[in-house]
Amino acid sequence: MSNSIGTLFRVTSFGESHGQCVGVVVDGCPAGVRLEAEIVQKDLDRRRAVDQVGATLRREPDLVRLLSGVHEGYTTGAPVCMVVDNTDTDSRAYQEFVRTPRPGHADYPARIKYGGYNDPRGGGRFSGRITAGFVMAGAVARAVLDRIGVEICAHTVAIGGVEAPPCDPDAIRLLNRQNSLSCCDESSSASMVAAIEDARARGDSIGGVVECVVLGLPAGIGEPVFSGVDSEIARAVFAIPAVKGVEFGAGFALCRARGSEANDPYSLSGDTVVTAKNDSGGVLGGLTNGMPLVLRAGFKPTPSVRMAQQTVDLETMTLAELTISGRHDACIVPRAVVVVEAVVASVICDLGLRSGLVPRVMR
Ligand SMILES: Cc1cc2nc3c(=O)[nH]c(=O)nc-3n(C[C@H](O)[C@H](O)[C@H](O)COP(=O)(O)O)c2cc1C
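Residues numbered from 1 in each chain as written. Predicted model: local features only at pLDDT ≥ 70, side-chain atom pairs only at ≥ 80, totals over all residues.

Novice: So what about unusual backbone geometry? Which residues, and what values?
Specialist: Residue Val225 is reached from Pro224 by a cis peptide bond, and omega for that bond is 5°. The residue Val225 is located in the loop between β10 (208-215) and α7 (229-238) in this model. With phi around 50°, Glu72 is a residue other than glycine that occupies positive phi space. Along the chain, Glu72 turns up in the loop between β5 (70-71) and β6 (74-75). (Helix = DSSP H or I, 4+ residues; strand = E, 2+ residues; numbered from the N terminus.)

Novice: Quick one: what's the story with the pairing of strand β7 (residues 80-85), residue by residue and with numbers?
Specialist: When strand β3 (residues 21-27) meets β7, the two strands line up antiparallel, connected through six bridges. Across the sheet, the residue bridging to Val22 is Val84, located in β7. Note: strand β4 (residues 65-66) against β7, two bridges, orientation antiparallel. Residue Leu66 lies in a different strand from β7, and its bridge partner there is Met82. (Pairing = 2+ DSSP bridges.)

Novice: Hey, could you go over the site of the ligand for me, with residue numbers and the actual values?
Specialist: Taken together, 21 residues lie near the ligand, and Phe126, Gly128, Pro241, Ser304 and His328 sit nearest. Counting residues per element, the shell around the ligand draws most heavily on helix α9 (residues 333-355), at three residues. Here the residues of the shell around the ligand sort into nine nonpolar, nine polar and three charged. (Near = placed C-beta within 6 Å. Nonpolar A, V, L, I, M, F, W, Y, C, P; charged D, E, K, R; others polar.)

Nothing here speaks to function; it is geometry throughout.
What follows is the structure, encoded as structure tokens:
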């Protein structure tokens with residue numbers, strides 16, 4: 001397993017869904033960054049299931065314990081360790097999945113890889129719950145990036161078959177927290193809620209798409225060729241459970257366009273070089289180009305659905321039918337918005353340190 005990401009701002013994830021806690025260690029955080037538990041808590045609260053349509057009935061307070069790396073409200077430069085305890089666990093349903101693995105979840109490949117020693121309770125390391133650690137690290141990264149005027153915000157652009165109209169970065173900043181779905185368009189949000197409720201009522205689930213923008217980045221950030229800003233972000237976003245695709249700017253649509261349409265013409269805003277449109281999503285050659293960085297993450301429907309599904313009984317090696325009870329999100333997307341922001345923030349912080357944009361001491 002590889003549970004760490006980042007070169008200078010190094011994030012290490014630990015914990016299992018039904019173990020004692022889930023947490024994260026951030027090593028390499030600059031010293032002198034204002035950091036208090038409340039700052040981290042705000043982001044954690046956005047990830048919680050409470051009040052979100054279609055969310056799991058598991059109720060965790062997710063209160064952060066900030067264990068190290070902060071003194072008198074400022075980071076010291078030492079590793080920042082943060083945990084949230086697992087308090088509302090019910091592991092009864094999960095033993096069954098060791099023998100009859102859930103289609104779409106990691107039960108089967110994890111059993112093969114770890115010889116059956118992996119913790120199956122609540123999905124263990126493969127639970128969406130580990131993203132609480134990603135969010136805590138992201139809150140630290142955000143506190144750093146705040147100081148240099150870099151802002152990261154994400155919103156829900158599609159759920160099930162419902163697509164919100166396009167939204168420019170300034171509108172996303174203003175509107176992405178206006179409802180529990182983090183959707184900037186109220187009428188789309190209402191249709192999305194209806195779609196999630198319909199899926200839940202049928203014992204099914206749906207997926208969707210989160211768009212994330214990074215504002216305030218200068219041109220030239222990224223470490224080509226293998227640590228370009230797009231490759232580093234894609235790697236981190238793909239670590240979020242249930243992510244099935246990542247695209248930048250116009251993404252796959254660009255691949256169907258002609259070069260003359262796809263290219264973003266250069267222009268000037270005062271004496272700053274800008275592009276007239278931003279289909280490249282603010283990245284060229286693995287480097288930021290000074291335009292807003294724009295990416296989208298596609299989430300598949302939650303694998304644990306209540307409808308009967310075909311699986312294999314690994315003891316008898318015969319086909320079997322599985323009906324999943326237990327507490328699951330009918331749609332992951334609303335809870336994943338802050339998770340996408342968090343992993344993008346961690347990557348940008350790392351690349352910022354590597355390029356010298358972020359100082360090692362912030363006064
Ligand atoms: C915030 C969040 C919550 C999730 N909740 C659930 C859940 O309740 N039930 C479930 O089966 N999967 C859930 N998942 C997805 C699984 O963890 C994921 O599909 C599984 O680990 C397999 O990995 P893969 O889909 O990336 O291949 C959640 C993911 C996230 C990001």
